[in-house]
Amino acid sequence: LSARTNLKGLQTLQSAFPGTQFITVDIAEITDKAKKLAAASGSAEAVPDVLHLKSFCSMCSEDMILTGGALGLALQNALRKELDQPQFLNVPDVGASNCVYVNQTLIRRSRTEFPNSEALFRERIPKYIRHVEVEAGELAKVDGALTCCSLLLR
Amino acid sequence: MQLVMFRNVKNVACHMRNGFGTASAPKAPTMNVNHFQKKIALTRDIDESLVKAALTMQPGSQQTVDLELARKQHTKLCRELKWAGLEVHTLPSAGFADSVFIEDTAVVVGRTVVLTNPGARSRRGEVMGVRKYLRDHFTQQDLSWEDTIDIVEMPDNGGTVDGGDILFTGTAPFEVSRSCMSHI
């Protein structure tokens, strides 16, 4: 199974939001670059094949993009060229990089699931944000992350 | 740009009227509209067939899912959304193995909800239940303009989008992933 969004779909989507800037990244390309990055840094990190863009990124405050692992670093490199003064936070665990940020609450995977990302969350997320930890290991087995489980409206 | 600006201005008006803006948040950055301030979360139950038929990157891994534990974890997530001040509405899973991942069926920006054409054929029917729910609850004549949404349908032209591929960064930039895709 490969990912699910094609160019035609994106063109349609763009036409629904005229005037909104779209930045398009190719997940296959990002994955390749992430593998090179991981190899170059001599890390033992295995770069997973991911389903969706938000398998390795999400918003973690009003203006900070959270990314995960070598995939996250590769994504940051791609976005730096496109965005004006982006703020990023990269956590070591890909699985910890998908959080729900809403109403000044950051719902994220628990420290028992991803202990290596915990310190960065505590240090780098703005202090006014309330942290909530949940476990989601079961749906993660079928590539489910936290944002996948809801649509936020109004 | 004009259209988006217009929408934002309307949204600000709505926030102020409801006393729902960023004023109560002393340190939060103020923007013309806060896309991370929401009132409603739409979720979906986990279907029993998930353990047999959910799509996955690693074939077979769906069978290792502990359904009961998955539901417990999911319920906790919904409870936390409630604690975060959201009204949580849960739709039935309608027999779709992947329908718990409701994010993929729509892209929401402000008042506009684009119903997607999910990339996996087996998931396309999931959109029906979401469409019906949104129509029934957010498009009635007696609602004020701010409480309604605009539902946009994707034409059936071979284009596919999964909501999980769209990251809305809140301000102007809107980021999208494309995959080197297979099935159309």
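**What to know about the nonpolar core**
All names here are of chain A. Ranked by internal contacts, the top residues of the largest apolar core, which has 36 residues, are L53, F56, L71, L75, L79, L106 and F121. Of all the elements in the fold, those that place two or more residues in this core are β1 (21–26), α2 (27–40), β2 (57–59), β3 (64–68), α3 (69–80) and β4 (87–91). At five residues, α3 tops the list of elements feeding residues into this core.

**Overview of the pairing of strand β4 (residues 112–115) of chain B**
Walk down a regular strand and you will see the side chains alternate between the two sheet faces. All names here are of chain B. Neither face of β4 is left uncovered, since the one carrying T112 and V114 and the one carrying V113 and L115 both have all their residues buried. Both strand β3 (residues 106–109) and β4 contribute to a ladder of four bridges, which runs antiparallel. Bridge pairing in β4 places A106 opposite L115. In textbook terms, the turn of a hairpin is the stretch between consecutive antiparallel strands, and for β3 and β4 this stretch comprises two residues, one of which, G110, has a positive phi near 60°. Pairing analysis gives four bridges linking β4 to strand β5 (residues 150–153), with the strands arranged parallel. Residue pairing across strands places T112 opposite D150, the latter belonging to β5. Handedness of the crossover joining β4 and β5 through helix α4 (residues 126–138) is recorded here as right-handed.

Cut-off values and rules
- Just so you know, the residues in each chain are numbered from 1, in the order the chain's sequence is written.
- To label them, take the chains in the order written and letter them from A, then take the ligands in the order written and number them from 1.
- Only residues with pLDDT of at least 70 get local features here, since the model is predicted, and only at 80 or more are side-chain atom pairs given and counted; chain-wide, interface and lining totals rely on the full set of residues.
- Excluded from the side-chain calculations are hydrogens and water; all other atoms, namely the structure's heavy atoms, are used.
- Among buried residues, the Ala, Val, Leu, Ile, Met, Phe, Trp, Tyr and Cys ones that are joined through side-chain atoms within 4.5 Å form a nonpolar core.
- Buried residues are those whose accessible area, probed at 1.4 Å on protein chains only, stays under 20% of the maximum for their type, while exposed residues exceed 50% and partly exposed ones sit between those limits.
- Note on conventions: DSSP H or I runs of at least 4 residues are helices, E runs of at least 2 residues are strands, and numbering of each starts at the N terminus.
- At least two DSSP bridges between two strands are required for those strands to pair.
- Crossover handedness is defined here as right-handed if the route from the first strand over the helix to the second strand goes clockwise, with the strands pointing away from the viewer.

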